[in-house]
Structures are given as structure tokens and as C-alpha cells.
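Below are the chains, spelled out letter by letter.
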Amino acid sequence: MSPAAPGTTTGSTAYETGIGGLGEPPANAYLSVRDLRVHFPTDDGIVKSVDGLSFDLARGKTLGIVGESGSGKSVTSLSIMGLHKPGTVRMQGSIRLDGQELVGAPAETVRGLRGKKMAMIFQDPLSAMHPFYTVGDQIIEAYQVHNKVPKKAARAHAIDLLGRVGIPQPNKRVDDYPHQFSGGMRQRAMIAMALSCDPDLLIADEPTTALDVTVQAQILDLIRDLQRDFDAAVIIITHDLGVVAELADDILVMYAGRSVEYASAHGVFNEPQHPYTWGLMASMPRLDRDPADRLMPIKGTPPSLISVPPGCPFSPRCAYAARVGAACVTERPAFHAPTSAHYLACHLDDGERMQIWSDEIEPNL
Amino acid sequence: MSNPRKKRLLAVTAAAAVTALGLAACSGSSGGSNNAATTTTAAFDAANGKIFNPSDKKGGTITMADEGEPDSTDPGDSYYGYTWDLMRLYGRGLVMFDVAPGDGSSKLSGDLADGLGKPSENAKTWTYKLKSGLKFEDGTAITSKDIKYAITRTLDKDIFPDAPTYFDDLLAWPADYKGAYKSKGVDVKSAIDTPDDSTIIFHLKNSFSGFDYLMTTSQAYPVPEAKDTGAKYKEHPISSGPYMFATYEAGKKFTLKRNPNWDAATDPQRKALPDGYEYSMNVNQDDIDNRIIAGDLDIHVTGTGVTPATQGKVLSDPNLKARADNPTLARLWYTSIPTTVAPLDNKDCRMAIMYAMDRTAYQTAYGGAFAGGAIATSLMPPLIPGSLKKDFYPSQDNKGDLTKAKEALTKCGKPDGFEITMAFRNERPKEKALAEAFQQQLAKVGIKVTPKGFAKKDYFSTYAGNPPYVKANNIGLAANGWGADWNDGYGFLAQIVDSRVIRETGGSSNISVRMPEVDKLIDQAAVETDNAKREALYGQIDTLVMDNAVIYPGVWAKALLVRGKTLTNVFVNQAYGMYDYTSLGKQ
Amino acid sequence: MAGPVSRGRPPDALPVLTYVIRRLIAAAMLLIVVSMIVFTIFYVFPRWAGATPETLATRYVGRTATAETVHLAAQRLGFYDPIWVQYWNWFKAIFVGSTYDMGTSIEHCPAPCLGYSFQSKTPVWPDLLDRAPVTFSLAAGASIIWLLFGVTVGVVSAVRKGSLFDRAAMTVALAGISLPIYFTGLVSLAVFSYALGWTAPGGSYTPLTTNPAQWAYSLLLPWITLSFLFSATYARFTRAGMLETMNEDYIRTARAKGLPSRTVTLKHGLRGALTPIVTVFGLDLGLLLGGAVLTEKTFSLNGLGKYTVDAIGNQDLPRILGVTLLAAFFIVFSNLVVDLLYAVIDPRVRTA
Ligand SMILES: Nc1ncnc2c1ncn2[C@@H]1O[C@H](COP(=O)(O)OP(=O)(O)OP(=O)(O)O)[C@@H](O)[C@H]1O
Ligand code: SF4
Ligand SMILES: [Mg+2]
């Protein structure tokens, strides 16, 4: 979705003051997140799982969110869905779904949107389905919350959906229990459940991580096909860049709860600009690469979310921090778009960055 | 004896030659209930020695509860004081204790019989004549044969293991006679002869002057052979009294209703005021107390008194206390001092214990003055004719005389004291408390007491009542107790001071008294026909035992009873040590 | 017996049947083993401890019985037979009955003859039949109350974890668990029955078939007292289970569907937490059916529990043996039912 957020930086002051750095959402944005902060007060301190995150997403488009484990991807998606346990979380910023503000909205309002306007697919389909109810019942239930239809119609709908997500003999399998399904089928059923009310936004949080490689591809294909059919806005969360490479229109790279790079998929893949993204690319297995050649994981570990370094959160691990100097350690880099529609948060100046990219990174990928 | 609820067996074998006249002659002293003292003011002990709320009003149902079960409702198979009190409602014997408060009940009268038994010259043959017009509940006449049958059936201890063995041992049964069931058709004329329907003659193996007492026991209530159902008879004993069984649920409940064939004209003693009785078994005792206090229940039937918890409540609340009675029972809680255990073979060492022990501590261990009893200074409880009024080992406030105790110790050559073990029954917290009281008090004069508990059921057979064990285990003190079957010196003393009842294999209640002169006095009393002289003889026995310091008398037992809220005509029948169940009425 | 967790998997109809039959046979075997153990405890151990046939028999006769009476009783009770003969006679009687001499007649104790109490001179089995309705009534009423009450409180506490309600409920529950039933029972009797007169006094029981209203009235206080104890346990148990299930992924899914929180909590949360509750409930009920000892004793209810205590108090061996076997039967049976219920509740067990 190239024309979405990254391309539109018509700033209003309200948004520009935020570290999120994105301006007023474009008119076609179905979902726009601005400067989202999700903090969990715990006994050890405040866990800043998401701390300044912004993006836009239009209907029919797919956003890929990538980042290491613990970078706040799931927290982000649960925040959009309003699924955090009430009382355990502090949310700030803005999440607008179809123009409706969700941050601070009454729980009941958000509940009414869940399933109907936005739906979610989880990583582990086995644990995400209730073991004591049949797959059909669980889909029927999802359908009936928002649609006052008789059980029979809901069941027909469920069978239809199961068929559409590629379950063979759906009228039989509809009465099976989750444990009677294979992993891939379960995820298909989860997708059917998520799609039961024809949602406008579908969030898939690592939908394929628990599946084996061939099934992964099938599921991703399915999501792509369905998106086309349903014309939904889709967020695919993954720490595997490969997954989003084929699927996403835009890509948001997260690090320590923040957006560090945000651009079109093409932009991120072909001209990544942030040192962290470079690291991700380098550690990504590629088919066109000799597997024995190099797989270079990023050195070090992400910072504790309770005490994030004051400057750039990536600075302890960044090979280029030295070139910038003190700013990397003391000053939080602004999320800005040096070139149109390609946002990033890094102190490196544009020329140097381009140089590093073309001299050191690109040749080695 | 081991179970305070249980009457004791009269050791008929030891009765030896008892002359005929004695007990028969002693009747006729005190009056019946007609001229008894009465009161209508609710007060502590208002029904003890007096009739509380006298009334002739008929009607209502009296509710009774038992924390356990009676051994049987079959009069031929029961040996509890309270069941003997109760069974008079649906059974009558040839003789009965007068239904009267205070000493009134010590008098015997004919019940089914027109008077007391007529003994032969040597008191070996006893003849009774039945009143006329006596009927069972089914309308059939009660004859002498029904009494004979009743007694012969209870000889079958296979079927009736609970009944006492008085008759087995006392009467001249044919050889190998095994009772009405197993020796069916055998002529028992040698033991019981019924020349006609209204005459019954008992032939005894030995003279026994107390035979009339036996005739008061439920075992001699008539049973119609045609209606006898053996072990199942208890579900519906055929009544000869004013009430009969209406319902019976084993282990739970039975109810009595009026017996239409009972004729009050033949029965001047039983008032038969209520229309019925309801008897619940296995009721939680705390609940029994609460329900009596609340007025939901009339009688705690076993007559053992309230629980310690209720006792506190009753004594501290004047309203409740006014509903309580505190009768003395013919029971002594005592401690045996075996003379076979060194150095207690020395009288002075025993005397040291007699002096050193604190009587008030004894009383406290047993629950205090109300639930425990009165401090005993000799053996025979005051209820028993001939009981002594002498303190053999006096001390300031009954607290024990340590100076005298030390002197005694010096005299016996153990000025620094000695070590002994005190036996008690594990199941009895009071006895445990007693052993600890002995331990504490005797330590003051250097006598080291080690309390040691034993299982109740083996206490006499294996441990404290087993002489070799006592000796080998240095048991110098043993918690003990005794209650009389009926209130006379013989009934009280014979089993606990006669050395001839001691069995070397164990099982005797006499643990410590081995005095030939006492044995001689017992035999002498058994043949003494003069009441006053006989009572004096029992007093002498008591004195000898006390002087010789082989029994430490503790408390003469008392029970704290609470009267049902709406009961009339309530009084304690001393013969049973609890309320008389035949005279109660409802407001 | 296999616990509720370890079990075979019964898929289709026939295997289910064979599974049930297999379990039934195992249950029967277990009961036999239990009877042998109880028999050993009460008949063999005393012999090892030095008891003779006569000393064993003294429990069945008056305390003042003569040696001959005791000998007769020992003979009648079969105490002179070798122990395995005694056991076999007892065991056999369950299937073919037995006969007893009543003196005037020979009484036949028909199968299932669980022996004959020589203390009360009654056969044991009719006693048990007679007592069971009381215990069943007590258990049924109390279990309904505690299930409704305990589980509700547990669920609400879990949902409002840390709230005033939660803390108050858990404090009361702790009290409920710690207070012995003879205390709560006697206090509530004193207050509600005797002081206020609202409930029936101790010892009241009207059979359900006689008068249902009176039945409920007479058992109300025992029900409440007994269920107080269990409610407390179940509230805590349910709360813990709910807290755990409410963290499950499928709860998040349910919420993601936009289900109202009631549906999420009850249909998804409680249903998920149900398995351990049902397991414990089944076992508790099975245990209780064998006799609610303390409650029955406190309220003087003539159920199996009081029968057991009374039998033990009187050392009435045939009664002890009979009632223990019945209690064991209930436990084994409820275990079996729980296992089968497990398959009803959890389709993974049913169809794995
Ligand atoms: N309820 C919560 N309370 C406290 N901390 C939380 C909570 N939920 C998440 N976190 C923390 O927030 C951080 C981000 O978690 P999140 O699940 O979003 O990571 P992620 O990017 O989805 O990682 P993964 O790839 O492993 O799924 C983690 O450090 C996590 O421990
Ligand atoms: S801001 Fe500094 S530390 Fe952060 S990514 Fe850029 S260069 Fe590295
Ligand atoms: Mg995640």
C-alpha cells in the first residue's frame, strides 16, 4: 500500500509533536496509530512494551510488522484489539479505526468492534481454540455475537467459511474438535473464525510460526487470497522478514517498543536505511544465498523494557553508533522521513547512511 | 467398674451362705410417694429428695434421648441402670423399688407379686404369689409360667449375652441346662417351680437373703413363650406395664404408647401420666443438653449428666441452675494402692500417700463438686446404709497433710520418697488428670509418680487388674471406680474388698485389698440377719480398709442433671441414681 | 484404581463398552482388596497383637459376661476358624446369604448379606439400606448448595481478583475451611434452632417420600453447615482454577471474537476450569455418600457416617466391615463416574 502513510506526511501540529513523527492520517487510512504508548506497571517497574509507535493502514492493504522477540509486536496488536486485561495496562496515544478513537474508548464499545470490524489470528492455533467446543461451534459463536441469525444459518455459514479456508469436507469437519485437526487446518479454522463477521481489519500475529514450512506457505497464500476477496486491511506480525517480503505492501520495523523504520515493502527490502534493519536483513536466510555462507545474527540482546537506554535503544548493539557520537547514547532519534515516505529513527546523517548502505551492507547481502 | 453406665454383676458365687431374712426384713421402713415432700418452686436440687411439680395431669409425649444405644430393649438382655429404670414402663417384675423420692425408693414392694417373696427357713427357696387380673398387652393373662419362661430364655447367653448371670449361678438348674431354646422342653422344676398359674417357687443352690432384689431386675419380667421371637424380641417386647412398643427403628428410635390391657388397679406405683414416650438413640450429647435446655427434649435418658461444657453454662446461669439436680450416686471413684508393689508393702509408705494427696485436686480432676462428686473420706457412699462419717486422714481444707506424710515416709524407711507408676484408662481424661494430680502432689514429699495410660477394654484383664503385671510394672497406684447394683453394703463392697475375687490371671476390680480379716467380716455380714448389726459389720470393713491405707477414696460421684422444661412430677429415684421414668408427666 | 487423570482411551461405541466393563471389573477387584484390607485390620491385626478369639468376643457380650458366655460368642462369631475361612464365610454371604440363630427361629440373611451385628442382633445390610437415604439426602442437598454457592463465589472472586469482595470472600472461605463442623454445627444449632427457632432441632429427619417440605426443613441446617465447609473449599478451588483458565489463550480468542464478558467468563472460562472441579466434586461426593461422619454426628442424623462412628465406637466388626465396604464402593463408583464424566467434559479424552 504504497500510497498509505509513508507517502503522506501532511503534518498537523498535534501529530508532529509526538515522537511518532507521522502527520495527519491520510483520508484512506482505515487504521491509523499515532504515538502509541503501552506501559505495564509491574512490581519491578514500568514495562514500556510499546513506546511511541505510529503507522497507517488502508483497506485492501497489508502491513507487515517485524522485529525481534519482545519488541512489542503482540502488545501492539492486542492494544488495537483492546484485549489487554483491564487495569493492568496504561495506554496513551491514538488508535483510530475507521475514524473511531479506540484509546480510552469504553470497553463495551471496543468489544462491539471486536470480531466485527477487527479480528485477530493468533500464533498457536491449538491453544487459541477452546478444547471443549467443536470448531464449528466456535465459529458459529463468533458469527452469532454480531449477527442475530438462527443457529442453523450460522452453521451453514461456518461450513461455508471452512470450505473457503480450504478445509476438506467442511460439513463433516465442522463437528470436529480442535484436537482432531492438524496444525495447518487449525490455523485455517482460526482464520475462518476471524473472518466469520467479515472484518475490515485482520491482524495475524505470527500466524505461521507454529506450523511447518510447507503449511506456512499455504496459510500465507490463504491470507493473501482472502484479503483480496474480503478487501480487508491486514496486519501481519512476524519476526521473519521473509514472510512479509511477499505479502506486505508496507513494512514497519519495531525495536524495543518503537518504530525504527517504516516504508513500503519495496523500500525496506531494497533500500533499508536503519542499522537495525540492516542487521535483520543480514540475519535473514535467503533462497538465493548459499546457506553455509552467512547468517549473521545481530550481536547482543534487546534492552530491558523497564530501563530502555535514554538515547537510541539500539545504540548498545549498533556498529555505527561510534560514527555519530554522543547523540546515539543521549538523544532519542526522531522518527522522520528523510526521503519521502520512508521513515526511520536514526541519528546517522543521510549521506553517511547511504554510503554505509551502498559500501558495506548491500554488497554483503 | 469399667463403665459408669453399667451396673455391676453381683458376685453371686461369692455370696456364699446368706441368710434368708436379712433384706426381706429391712423393708417397711420408709413411706411411698404419697407422703413424700413436694415443691413447685424451680430451684437447684428441687427434684432431688422431693417431687418437683407434682401433678396428676395425663397426656403428652415425653421425649428422651440417648447418646448411644441401650444394650438391648429386651428386658432379658440388658444390664444398665438406666434401662432398668426405663423398662419398668413396659415391663413389671415380681418385686419393685418403691417409686418415691429420697430414701423412699429403698423400700421394696410386690409388683406383679402380691407382696415380697416368702423365703424358706434357710432362704434357699423363695415363693411368690401373683396378683390377679394381670394381663399382657395382647390381653392374655400373665402367669407364673411366663416369668419362669422369661428367666429360662435369658440363660441362653448365645442369644442374650448382655444380661447378668445372677439366675444362671444362683438357681438349682438341672445338669447341663442351656436355656429355653437349646434345652427346649427340659423340666426346670429343680430351679423354678410353678405349681399353678399364680405361684412361682425359686430353688436356690445356696442361701441368699437378697433374692427380692433380683426380682426387681428386668431379666425377671414375664415373657409369653408364644410371642417370643428370640434375638428379635427386643423389637417388640410384649408389655406387662402401662406402655407398649408402638414403633422400633434399630439404632435410631423407638416409641411407646399406652398399653390398653394394663390395669392401674394392679399397679399402685406407676403413675402413667403421659400418653407416650419417644426414645431417640445415638444423639450427639452436646445436642441433647442444648435441646433439654431449649425445651425441645425432656430427658437425657442415660442419667450420666451434662457435658463439661454444659455444666459451666448451667452453673453460671441462675435460671438454668434452678432447673438442675445434683444427686449423689452409689458410686465411688477411688485409687487402688496395691500392697504387692514395694515399698507399698509397708503400711507407712501407703499412709504417706493417704496423707500427702490433695483431696480437692482429686475432686477437680473428676470435674469438681457438681459433676465429679463429693470428697470421699471412706469407701461406702452416704446413700448406703452403714456408711461411715469419719475422716481417717484429716488435713487442713482437705489439701493433704505433708508433715504427716513425711513422718510416715521416715517411719517406713524412705524419707526421700520412692518411685511408682500410676495406671489409668486412656479413654478417660478425668483419670489422666487424676494421675497428673497425684504426680504433682506426691512429688512434694519426694514420691515420684509416673502416669501410664492403658486401653480401657484391657485395663482390668491385662494391666491394672492383673496382679503379676501390677507387680512387675511397679504399679503403685491405679485409678478405679465402683458403683453398687443396689444400695446396700454387700452390693457395694463385696467386689472391691474381698480378696477372694482377685484372679491371678487378671480381670478383677479388686486390685489392692488382700486382708483375711476383711474376707471374714464379709462372710459374717452375709449371714447376719439383723440390719443394724450387718450395717455395723460393713462399717467395720470400711474402717479396716481405710486404716490399712490400701484404697484412696476419691469422690462419691454425683451427676448434674437438667430437668426437661415442661416435665411434671419429677424426682430422682435413688435406686437408679437418676430421674424416675415411670412418674414423669407433661405440663 | 487409576486416578482420574490416567485412563484408557475409549473411542467408539464398542471400545467404550469394553472400557466400562474393564473398569467395572477393576472396581470389583478393588472392592475385594479393600474388604480384605479392612478384614485384616479388624480381624487379623488384633490377633497379631495378641488378642484371642475370646478377647475379640468380649466386645459382643456384656462386660460382666462369664467365660462361658464369651466362649459361646466367640464360637458363634466364628473366631475359632482359620482366618481365611472367616473371610470366605463373610465373602460368600454377600452372594449366597447366610443364616443366623435367633433362638426361637433361624433367620435367613439373604444376599447381599454383609454380616450380622451380634451387638444389636440385626443384619447389617438392611441397616445400611435404612441409613443410606439420610446420607444421600444430606449429601445431595449440601452438594447442590456448595456447588452453586462455592463455584459462584469462586468465579466472582476470580473475575474481581483483589477486589473487596474477593478479599472478604477468601477470608470467609479460609474461616470455613478452618472451622470444624462440630463447632459450626453446634453453634448454628444453638442459634438457629434453639434460640431463634428457625430451623429444625438436631436429630430431626423426615424422609423425602414422607413429606418433601419437611424433609428439606429438617435438613436445612445440616445442609448449610456442611456446604459452608465445602463452599469454602470450592470457592478457593474454583477461584484458583478460574484464574488459571482466564489466562489461557482461548480466553483471549473468545474476547477477540467480541463475546460479552459473561459469556467469556462462564462459557469459556468456567467450562475450561470445570474438569478439576468435577473431579474433586465426584470424589468428594463419593466420600460423602459413604457417610458425612462429623455432620451426621453433630446433627444426630442417623446416616451411614454416624453408623460408622457408632460401629467403630462399639467395635462392632460386621457393621464396620459392611459400612466400610459400602463407603469404598461409593468411592470406587464415583471414581468410575468421574472418569466417564471426564470423557463427557473433555472431548480430547473421548476422541483422542
Ligand atoms: N501484560 C504484560 N505485563 C507486563 N509486561 C508485558 C505484558 N505483556 C507484554 N509484556 C512485555 O512487553 C514486551 C513485548 O512483548 P510482546 O509480546 O509484544 O513481544 P513480541 O514482539 O510479540 O515478541 P514475540 O516475537 O516473542 O511474540 C515483552 O518484554 C513482554 O514481556
Ligand atoms: S541512532 Fe545511532 S545507535 Fe541508533 S541506530 Fe542510528 S546509529 Fe545506531
Ligand atoms: Mg508476539
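The structure displayed is predicted, hence computed values, not measured ones.

All names here are of chain C. Among the surface-exposed residues, Val172, Leu179, Tyr182, Phe183, Val187, Val191, Phe192, Leu196, Trp198, Phe228, Val293 and Leu294 lie close enough to one another that they form a single nonpolar patch of about 1,000 Å² accessible area. Among the secondary structure elements, those contributing two or more residues to the nonpolar patch are α7 (181–195) and α11 (293–298). By residue number, the principal contributor to the nonpolar patch is α7, which donates five residues. As for its placement among the helices and strands, Leu179 is situated in the loop between α6 (164–178) and α7.

All names here are of chain C. Here helix α12 (residues 304–313) lies mainly inside the structure; seven of its 10 residues are buried. Every buried residue of α12 is listed here: Leu304, Gly305, Lys306, Tyr307, Thr308, Asp310 and Ala311. Those residues of α12 that are buried are in contact with α5 (124–159), α10 (261–289), α11 and α13 (317–345). Positive backbone phi, approximately 50 degrees, marks Gln315, located one or two places after α12.

This part is about the sheet that holds strand β11 (residues 253–258) of chain B. Residue and element names in this part refer to chain B. The sheet built from five strands is open, its strands ordered β10-β11-β12-β3-β13 with mixed pairing. A strand with exactly one partner marks an edge of an open sheet, and here the two such strands are β10 (243–249) and β13 (299–300). Pairing analysis gives two bridges linking strand β3 (residues 61–65) to β13, with the strands arranged parallel. Pairing of Ala65 across the sheet is with His300, part of β13.

Let us now look at the site of ligand 2. Every residue lining ligand 2 is accounted for by A:His274, A:Pro275, A:Cys312, A:Phe314, A:Ser315, A:Cys318, A:Ala321, A:Cys328, A:Cys346, A:His347 and A:Leu348. For the shell around ligand 2, the residue count by class is eight nonpolar, three polar and no charged.

On to the packing of aromatic side chains, then. Working definition: an aromatic ring pair is given by the centre-to-centre distance plus the angle between the planes. Per the counting criterion, the structure on display carries 50 aromatic pairs over all chains. Taken together, a centroid distance of 4.9 Å and an interplanar angle of 25 degrees make the contact between B:Phe245 and B:Phe254 stacked. Both residues of the pair, B:Phe245 and B:Phe254, belong to the buried class. Grouped by ring-pair contacts, the aromatic residues C:Phe39, C:Tyr43, C:Phe79, C:Tyr87, C:Trp88, C:Trp90, C:Phe91 and C:Phe95 constitute a single cluster. When the ring centre of B:Phe44 is taken as origin, the NZ or CZ atom of B:Lys321, which lies over that ring, is 4.9 Å away. The aromatic ring of B:Phe52 is capped on one face by B:Arg563, whose charged end is 4.3 Å from the ring centroid.

Right, let's talk about the environment of A:Met193 for a bit. Position of A:Met193 relative to the elements: it lies in helix α8 (residues 183–195). Each C-alpha atom of the pair A:Met193 and A:Glu141 lies 8.9 Å from the other, and the pair is 52 residues apart in sequence. If we ignore the near neighbours within four places in the chain, the residues touching A:Met193 are A:Met129, A:Gln138, A:Ile139, A:Ala142, C:Thr253 and C:Lys257.

This brings us to the interface of chain C and chain A. Tallying the contact residues gives 25 residues for chain C and 28 residues for chain A. The contact between chain C and chain A buries some 2,400 Å² in all, and 57% of this surface belongs to carbon and sulfur atoms. Per-residue buried area on chain C facing chain A is highest for C:Arg252, C:Arg255 and C:Lys257; these three make up 27% of the total on that side. The interface formed by chain C and chain A holds two salt bridges in total. The shortest N-O distance in the salt bridge between C:Lys257 and A:Glu141 comes to 2.8 Å.

Moving on, we get to the site of ligand 1. All names here are of chain A. Around ligand 1 lies a shell of 15 residues, among which Ser49, Ser69, Gly70, Ser74 and Val75 are the nearest. In this structure, Gly72 approaches ligand 1 through a main-chain N or O atom, which is 3.0 Å from an oxygen atom. At the level of elements, β1 (29–42), β2 (45–51) and α2 (73–81) are the ones that each hand at least two residues to the shell around ligand 1. Top element by residues in the shell around ligand 1 is α2. It accounts for three residues. Counted by class, the shell around ligand 1 contains four nonpolar, eight polar and three charged residues.

On to the pattern of salt bridges. Any two side chains of opposite charge can pair, on the condition that their charged atoms come close. All names here are of chain B. Overall, the coordinates contain 55 salt bridges over all chains when judged by the stated rule. For Asp111, the salt bridge is made with Arg92, and the minimal N-O distance between the two is 2.8 Å. In this pair, Asp111 sits in the loop between β5 (108–110) and β6 (118–119) while Arg92 sits in the loop between α3 (81–87) and β4 (95–97), placing the two residues 19 residues apart along the sequence. Of the two residues, Asp111 and Arg92, both sit in the buried class.

Now for the sheet that holds strand β18 (residues 448–454) of chain B. All names here are of chain B. Read across the open sheet, the six strands follow the order β16-β20-β15-β19-β17-β18; overall the sheet is mixed. Edge positions in the sheet fall to β16 (373–375) and β18, since each of these pairs with one other strand and no more. Across the sheet, the axes of successive neighbouring strands diverge by a mean angle of 25 degrees, strand direction being ignored. By the bridge criterion, six bridges tie strand β15 (residues 328–336) to strand β20 (residues 551–558) in an arrangement that is antiparallel. Its bridge partner being in β20, Thr335 is matched across the sheet by Tyr552. In this fold helix α18 (residues 489–497) packs onto β15, β19 (475–483) and β20, with an angle of close to 155 degrees to the strand it touches most, β19.

Residues and elements named next belong to chain C. Two elements in contact, helix α8 (residues 212–245) and α10, have axes whose closest approach is 9 Å; the angle formed by their N-to-C orientations is 140 degrees. Handedness of the crossing formed by α8 with α10: right-handed. Here Leu226, Phe230, Tyr234, Phe237, Thr238, Gly241, Met242 and Thr245 of α8 lie close against α10, whose contacting residues are Thr265, Gly269, Leu270, Gly272, Ala273, Pro276, Ile277, Val280, Phe281, Asp284 and Leu288.

A separate point is the domain arrangement of chain B. As assigned here, chain B comprises domain 1 (14–280 + 561–586) and domain 2 (328–558). Domain 1 of chain B and domain 2 of chain B are separated by 33 Å when their C-alpha centres are compared.

Bringing the arrangement of the chains into the picture now. Highest in contacts among the two pairs of chains that touch are chains B and C. Between chain A and chain B there is no contact; the minimum C-alpha to C-alpha separation amounts to 47 Å.

A word on the interface of chain C and chain B. The partner chain B presents 41 residues to the 36 residues of chain C that form the contact. Note on chain C versus chain B: buried area summed over both sides is about 3,100 Å², and carbon and sulfur give 50% of it. Across the contact surface, chain C and chain B share three salt bridges. Between C:Arg319 and B:Glu69 there is a salt bridge; the shortest N-O distance is 3.8 Å. For the interface between chain C and chain B, the tally reads 11 residue pairs in polar contact (both at pLDDT 80 or more). Contributing elements (two or more residues each) for the side of chain C that touches chain B: α3 (67–76), α5, α7, α11 and α12 of chain C.

Moving on, we come to the pairing of β20(B). Residues and elements named next belong to chain B. Burial analysis of β20 places seven of its eight residues in the buried class, the great majority of the element. In terms of strand pairing, β16 meets β20 through three bridges, oriented antiparallel. Residue pairing across strands places Ile375 opposite Val555, the latter belonging to β20.

Time to look at helix α9 (residues 308–316) of chain B. Residue and element names in this part refer to chain B. Taken residue by residue, α9 has Thr310, Gln311 and Val314 as its buried positions. Buried residues of α9, seen end-on, are gathered within an arc of 105 degrees and therefore sit on one face of the element. Residues Pro308, Ala309 and Ser316 are exposed on α9 and point more than 90 degrees away from its buried face. In this structure, the buried side of α9 is in contact with α8 (285–294), α10 (318–321), β14 (324–325), α13 (368–371) and β21 (561–562).

Per-residue confidence for chain A gives a mean pLDDT of 85, with 91% of residues at or over 70. Low pLDDT, under 50, characterises residues 1–19 of chain A; the predicted model gives this stretch 49 contacts beyond four residues in sequence or across chains.

About the criteria used
Numbers given for residues are sequential positions, taken from 1 along each chain in its written order. Key to labels: chains lettered from A, ligands numbered from 1, both in the order written. Local features in this predicted model are restricted to residues of pLDDT 70 or higher, and side-chain atom pairs are both shown and tallied only at a pLDDT of 80 or more, whereas totals for entire chains, interfaces and linings draw on every residue. Hydrogen atoms and water are omitted, and side-chain values are computed over all heavy atoms in the structure. Within this analysis, patches are made of residues with over 30% relative accessible area and no salt bridge. Like charges are joined at 9 Å or less; nonpolar side chains (Val, Leu, Ile, Met, Phe, Trp, Tyr) at 5 Å or less. Throughout, the Shrake-Rupley method with a 1.4 Å probe supplies accessible areas, and for residues the shown protein chains are the sole cover considered. Throughout this description, the term salt bridge denotes a Lys or Arg side-chain nitrogen within 4 Å of a carboxyl oxygen of Asp or Glu. Each helix is a run of DSSP H or I of at least 4 residues and each strand a run of E of at least 2, with the numbering of both proceeding from the N terminus. Note on exposure labels: buried denotes an accessible area under 20% of the residue type's maximum, exposed denotes more than 50%, and partly exposed covers the range between, all computed with a 1.4 Å probe on protein chains only. The criterion used for residue contact is that any of the two residues' heavy atoms lie within 4.5 Å. A pair of strands is considered paired only if DSSP assigns at least 2 bridges between the two. Near residues are defined by distance, with any heavy atom within 4 Å of the molecule or strand qualifying the residue. Residues were grouped as follows: Ala, Val, Leu, Ile, Met, Phe, Trp, Tyr, Cys and Pro as nonpolar; Asp, Glu, Lys and Arg as charged; and all remaining residues, including Gly, as polar. Whether two aromatic rings pair depends on their centres lying within 6.5 Å, for rings of Phe, Tyr and Trp, where Trp uses its six-membered ring; planes under 30 degrees apart make the pair stacked, over 60 edge-to-face, and the rest tilted. For a ring to carry a charge above it, either NZ of a lysine or CZ of an arginine must fall within 6 Å of the ring centroid while also lying within 35 degrees of the normal to the ring plane. Accessible surface is computed with a 1.4 Å probe, and the buried area is the amount of it that two parts give up when combined, taken over both parts together. N or O atoms within 3.5 Å of each other form a polar contact, as long as, within protein, one can give a hydrogen and the other can take it, and as long as residues adjacent in sequence are counted only when both atoms are side-chain atoms. Axis angles are defined between N-to-C directions and span 0 to 180 degrees, where every axis is a line fitted to C-alpha atoms and, for a helix, only to the segment in contact. Should the near helix be turned anticlockwise from the far one by less than a right angle, the crossing is left-handed, and should it be turned clockwise, the crossing is right-handed. Annotation comment: domain bounds sourced from an automatic or database domain assignment. When we speak of the arc, we mean the arc of directions from the helix axis to the C-beta atoms. Residue-level confidence of the predictor, termed pLDDT, takes values from 0 up to 100.

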